[in-house]
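# Descriptive analysis of the structure
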Amino acid sequence: MILLILMVVIFLSAVAQLFSSRLSAAGIILLFACAGFVIMTGMTGELEMISVILFVTGVILMILELFVIGAVLGILGALMVFSSFLLIGEDISMMAVFLAVSLASALLEWIVMVKFFGKSIPLFRNVILTDSTSKEAGYSSHDDRSHLVGQIALTMTPLRPSGIITFEGKRIDAVSEGSFIDEDREVRIILVEGTRVVVRAL
């Protein structure tokens, strides 16, 4: 029972520490809980070196996942951490129940922190791109030609109904409002929708 309590505390304090930018009370509790877990399992002879290796390697892989594209390292690291707990002692089924209870508690804490308290993980702010590529932020997937509406241009090629017009020496792909406009004709730009420029013969 004490082992279960320690595991739950480890998982809960680990999640709580993730939402803090520096070492908090949750981090200190995590360290003490881990130390207590290692001492208790070590004294009873249930802690094996393979469990320690799996746990340490898994944690390293999950940290590396934050800086590497893809989820392979993170998934592998999580599986190694979970396996390290399952391999403690001889009763794998009991440890599986303990692990399931601990994970459920940690997941519930995560949901409460995010949904009800609006918390976010500070580390993610440094490794996740949050800039918006919206028009309001100054980004555009094409040249803004809205200023051309109402201007007079000259057809460089016949518009049947698409072709090329020139405005202030610049070539612009355009579409005629009607079916056909001959070349070297003056046209008025009546509509601009993205890269689509619609003209009307004068």
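Just above sits the structure.
In this text the structure is predicted, and so the values were computed from the model without any measurement. (Residues numbered from 1 in each chain as written. Predicted model: local features only at pLDDT ≥ 70, side-chain atom pairs only at ≥ 80, totals over all residues. Heavy atoms only, no water.)

## Remarks on helix H4 (residues 72-86)
Look at H4: 21 Å from first C-alpha to last across 15 residues, which is about the 21 Å you get at 1.5 Å a residue. Inspection of H4 places Gly74, Gly77, Ala78, Met80, Val81, Ser84 and Phe85 among the buried residues, and these make up the whole buried set. Projected down its long axis, H4 shows its buried positions confined to an angular sector of 160 degrees, all on one face. Opposite the packed face of H4, turned more than 90 degrees from it, sit the exposed residues Val72 and Ile75. Looking at the buried residues of H4, the elements they touch are helix H1 (2-18), helix H2 (25-43), helix H3 (49-65) and helix H5 (92-116). (Helix = DSSP H or I, 4+ residues; strand = E, 2+ residues; numbered from the N terminus. Expected span 1.5 Å × (residues − 1). Buried < 20%, exposed > 50% of the residue type's maximum accessible area, 1.4 Å probe, protein only. Arc of directions from axis to C-beta. Contact = heavy atoms within 4.5 Å.)

## What about a nonpolar patch on the surface?
A surface patch of nonpolar side chains, amounting to about 830 Å² of accessible area, comprises Met49, Val52, Ile53, Val56, Ile60, Ile63, Leu64, Phe67 and Val68. Since its relative accessible area comes to 43%, Val56 is described here as partly exposed. (Patch = residues over 30% accessible without salt bridge, like charges linked within 9 Å, V, L, I, M, F, W, Y side chains within 5 Å. Areas by Shrake-Rupley, 256 points an atom, 1.4 Å probe, with all protein chains shown as cover. Salt bridge = Lys/Arg side-chain N within 4 Å of Asp/Glu carboxyl O.)

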